[in-house]
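Topology and contacts: notes
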Amino acid sequence: MNFEKSQRIKKLPPYLFVELDRKKAEIQARGVDVIDLGIGDPDLPSPDFVVDAMAKAIRNPKNHRYPSSQGSPAFRKAAAGFLKNRFGVEVDADSQVCACIGSKEAIAHFPIAFVEPEDIVLVPSPGYPVYHIGTLFCGGISYFLPLTADNGFLPDLASIPSDVADKARIIWLNYPNNPTSACARDDFFRQVVDFAQTHNIIVCHDAAYSEMCFDGYRAPSFLETPGAMDVGIEFHSLSKTYNMTGWRIGFAAGNPDLVAALKQVKSNVDSGQFEAVEDAAVAALESDQSFVKEMQEIYTRRRDILVEGLKSLGINAMKPKATFYVWITVPDGYTSSSFSSLLLEKAGIVCTPGNGFGEPGEGFVRMALTVPEERMAEVVERLKGVL
Ligand SMILES: *Cc1c(COP(=O)(O)O)cnc(C)c1O
């Protein structure tokens, strides 16, 4: 037998968290009480009212049959209602919304509809790995857009050579941003719409952290931008917002042709999400959002403990106004990798080396606010011990 793998698999970078998990297990095996700030996965449970809705939905035989691959009408209506209430964005639930099995799934599958082999896709770096991986799976070429502190961790659209921009099919964006925690400046999305119209590029905006905002900040939807509906699609996720990472539910919304194309791909790949999960997601999306507010308050307290602790140690970290990540400049003399190794081996703290999200992330590490306040204080104490 010849089990030679395809080029698209051979070209894959090692998935970041596989390596991190391996290292963590190794240290844990030595009996170290590891504090894991590595992965962006909320530590607190899903809301009770969502679990209750699921318990009820699972007993409904209508949900035991194949779901609709684009999502149930009730789910798509709830998603459209959420966009309207939260952002003032109006979309038609039938033609402009598609459910997905977690937004990662849709982000990975969307390019199949538009990217030919050798086509260029504009991919932020550092960035969520799936933008590049989805491109690779189509035989496309990622042109990386460095996100640097100088430009507020926004891509510098003017620096993209015009021949590259003319050939590009898709630009991926993600604000509030993982891993840098940066938020889009007021005029940024307008510039993106202009850029997309000039060069005929599809804008894919990943809004996974739109609800994880602090200090009164409210993240915009890309779809609020004048002209956005002509050029773009936005990916929303219930995972981080409602502590529902395990449930695998999100949605894409935006330009009807782009949404239809995603539906076409998905109907040929999957048969949708379990409708009981969709029913539970409706409960979350149609709730009064007080759960979201509670979570924002919890993350704010954790953030303040960590950022103030880092500051007292002379470490430079941005205080995020959104996302549950703190993007930390490594101290002089360290690299992303040597600093994260030091923290793991000497302090039992798992963080993510910034360069794991792309080379321009070198010189940073990312810590996730996914442990309780006492543990966060313990992180600061342990850091004092090693630095
Ligand atoms: C967590 C995350 C997602 C994926 O969320 P799911 O809906 O759980 O698949 C997408 N994009 C970014 C940037 C994320 O951090």
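Structure report, in brief. (Residues numbered from 1 in each chain as written. Predicted model: local features only at pLDDT ≥ 70, side-chain atom pairs only at ≥ 80, totals over all residues. Heavy atoms only, no water.)

1. Quick look at the layout of surface pockets
Considered as a void within the structure, the second largest pocket measures approximately 440 Å³ in volume. Lining the second largest pocket are 25 residues; nearest its centre among them are Y15, G40, K104, Y128 and K240. At three residues, the largest contribution of residues to the lining of the second largest pocket is made by helix α5 (residues 103-109). Grouping the amino acids of the lining of the second largest pocket by side-chain chemistry returns eleven nonpolar, eight polar and six charged. (1 Å grid on protein atoms, 1.4 Å probe; cavity = no way out; pocket = protein on both sides within 12 Å on 5 of 7 lines; lining within 4 Å. Points joined across faces, edges and corners; volume = space filled by probe spheres on them. Helix = DSSP H or I, 4+ residues; strand = E, 2+ residues; numbered from the N terminus. Nonpolar A, V, L, I, M, F, W, Y, C, P; charged D, E, K, R; others polar.)

2. Observations concerning the packing of aromatic side chains
Scanning all chains against the criterion turns up 17 aromatic pairs. With 6.2 Å between their ring centres and 75 degrees between their planes, F75 and F251 make a pair best called edge-to-face. Of this pair, F75 sits in helix α4 (residues 73-87) while F251 sits in strand β8 (residues 250-254), and the two are 176 residues apart along the sequence. In this structure, F75 and F251 share a single accessibility class: buried. An aromatic cluster of three or more residues is present, and its members are F110, F114, Y128, Y131, W172 and F235. Taking the ring centre of Y217 as reference, the NZ or CZ of K321 above it sits at 4.6 Å. (Phe/Tyr/Trp six-rings, centres within 6.5 Å; stacked < 30°, edge-to-face > 60°. Buried < 20%, exposed > 50% of the residue type's maximum accessible area, 1.4 Å probe, protein only. Lys NZ or Arg CZ within 6 Å of the ring centre and 35° of its normal.)

3. Comments concerning α4
Taking 1.5 Å of rise per residue, 15 residues should cover 21 Å, and α4 covers 21 Å from first to last C-alpha, within 8% of that figure. Buried residues of α4: F75, R76, A78, A79, A80, F82, L83, R86 and F87, and no others. Of the surrounding elements, those touching the buried residues of α4 are β2 (97-100), β7 (232-237), β8 and α11 (275-285). Backbone geometry just after α4 places G88 at a positive phi near 70 degrees. (Expected span 1.5 Å × (residues − 1). Contact = heavy atoms within 4.5 Å.)

4. Let's talk about the pairing of strand β4 (residues 141-146)
Relative to β4, strand β3 (residues 120-125) is paired through six bridges, and the arrangement is parallel. From the neighbouring strand, I120 faces β4, where its bridge partner is I141. Between β3 and its parallel partner β4, the chain crosses via helix α6 (residues 130-137), and the hand of that crossover is right-handed. (Pairing = 2+ DSSP bridges. Right-handed = clockwise from strand over helix to strand, strands pointing away.)

5. A word on the pattern of salt bridges
Here the structure, examined in full by the defined rule, presents 21 salt bridges. The residue K62 makes a salt bridge to D279 at a minimum N-O spacing of 3.9 Å. Residue K62 is found in the loop between α3 (48-58) and α4, and its partner D279 is found in helix α11; the two are separated by 217 residues along the sequence. When its relative accessible area of 46% is taken as the criterion, K62 is described as partly exposed. (Salt bridge = Lys/Arg side-chain N within 4 Å of Asp/Glu carboxyl O.)

6. Points about the sheet that holds strand β12 (residues 364-368)
Adjacent strands of a sheet form backbone hydrogen bonds with each other and so pair up, either parallel or antiparallel. Strand order in the open sheet made by the three strands is β9-β12-β11, with antiparallel pairing throughout. Of all the strands in the sheet, the pair left with one neighbour each is β9 (325-329) and β11 (352-353). When β9 meets β12, the two strands line up antiparallel, connected through five bridges. Its bridge partner being in β12, W327 is matched across the sheet by R366. On the sheet, helix α13 (residues 336-347) packs against β11 and β12 and is oriented at approximately 40 degrees with respect to β12. (Axes fitted to C-alpha atoms, helices over the stretch in contact; angles between N-to-C directions.)

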